[in-house]
Amino acid sequence: MAEQLAGAKPLAGRKAAVTGSTSGIGLAIAEALARAGADVALNGFGDNAPALASVGAFGTKTVFVGADLSKGPDAQKWVTDVQAALGGLDILVNNAGIQHVAPVDEF
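Counting restarts for each chain, with residues numbered from 1 along the sequence as it is written. Only residues with pLDDT of 70 or above have their local features reported here, since the model is predicted, and side-chain atom pairs are shown and tallied only from 80 upward, although totals for entire chains, interfaces and linings are computed over all residues. Only hydrogens and water are removed before side-chain values are computed, so all heavy atoms of the structure are retained for them.

K.L.:
Any chance you could explain the environment of G66 here in plain terms?
P.N.:
Only DSSP runs of H or I with at least four residues qualify as helices, and only runs of E with at least two residues qualify as strands; both kinds are numbered from the N terminus onward. Here G66 shows up in the loop between β3 (62-64) and α4 (72-86). Burial classification: accessible surface area is computed with a 1.4 Å probe over protein chains only, and a residue below 20% of its type maximum counts as buried, one above 50% as exposed, and the rest as partly exposed. You can call G66 partly exposed: its relative accessible area is 48%. Along the chain, G66 and A41 lie 25 residues apart, while their C-alpha atoms are 9.6 Å from each other. When checking whether two residues touch, look at their non-hydrogen atoms; a contact exists if any pair is within 4.5 Å. Beyond its immediate chain neighbours, meaning those up to four positions away, G66 contacts N43 and W78.

In C-alpha cells:
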C-alpha cells in the first residue's frame, strides 16, 4: 500500500495558486501541491527563479504570476491572470503577508 501511495498524484490535473510562495511556508506549500501532481502558480516579491526551479522540479506546469496583492484591483487581475496561465483554478492558498518592522513606539 505504501508503495502505491509513494507514486500517487492525487492532485493530477488540478490547478493551484499560492500567494507568498517564493520562499518559506508558501514555497513549501507550492512544492507539496506540485509533488501531489497539481499545476502551480507562484506569487511573491523578489527573485522568483529559485522558487520556479524548485516547484518545477516535480514535473508539473509551474508559472510565476506577479502582482501586488495588497491592492484590490491588482489582486483581482492576478486571479484572472492565474486562470489564463493555468487554464483554470481549483485550489487557492492565501499565504501572502506583510510584515511591518519598527520599534513599538513607532507602530
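So much for the structure itself; the text now carries on.
K.L.:
I would appreciate a short explanation of the packing of helix α2 (residues 24-35) against helix α3 (residues 49-56) in the present structure.
P.N.:
Each pair of packed helices gets described by two things: the angle between the helix axes and the distance between those axes. α3 packs onto α2 with a crossing angle of 30° between their chain directions and a minimal axis gap of 9 Å. By the criterion of interaxial angle, the relationship of α2 to α3 is roughly parallel. In terms of crossing hand, the pair formed by α2 and α3 is right-handed. Packed against α2, whose contacting residues are L27, A30, E31 and A34, the element α3 presents A51, S54 and V55 at the interface. Ten residues, namely Ala, Val, Leu, Ile, Met, Phe, Trp, Tyr, Cys and Pro, are considered nonpolar, four, namely Asp, Glu, Lys and Arg, are considered charged, and the remaining ones, Gly among them, are considered polar. Class assignment of the residues belonging to the contact of α2 with α3 gives a composition of five nonpolar, one polar and one charged. Between N-to-C directions, angles cover 0 to 180 degrees, with each direction set by a line fitted to C-alpha atoms, over the stretch in contact for helices. Note on terminology: angles under 35 degrees are roughly parallel, angles over 145 are roughly antiparallel, angles of 65 to 115 are roughly perpendicular, and the others are oblique. Each crossing is labelled by how the near helix is turned from the far one, with a counterclockwise turn of less than a right angle marking it left-handed and a clockwise turn marking it right-handed.

K.L.:
What am I meant to see in the sheet that holds strand β2 (residues 39-42) here?
P.N.:
For two strands to be treated as a pair, DSSP must find no fewer than two bridges joining them. Taking strand neighbours across the sheet as the criterion, the four strands line up as β3-β2-β1-β4 in an open arrangement whose pairing is parallel. Either end of the sheet is taken by a strand with one partner, and the two such strands are β3 and β4 (91-93). Taking each pair of neighbouring strands and ignoring which way they run, the sheet shows an average axis angle of 15°. As judged from the three bridges shared by β2 and β3, these two strands associate in the parallel manner. Looking across to β3, one finds that A41 is bridged to V63. Together, β2 and β3 form the strand contacts of α3, whose direction differs from that of β3 by roughly 165°.

Don't take any of this as a statement about function, it's just geometry.
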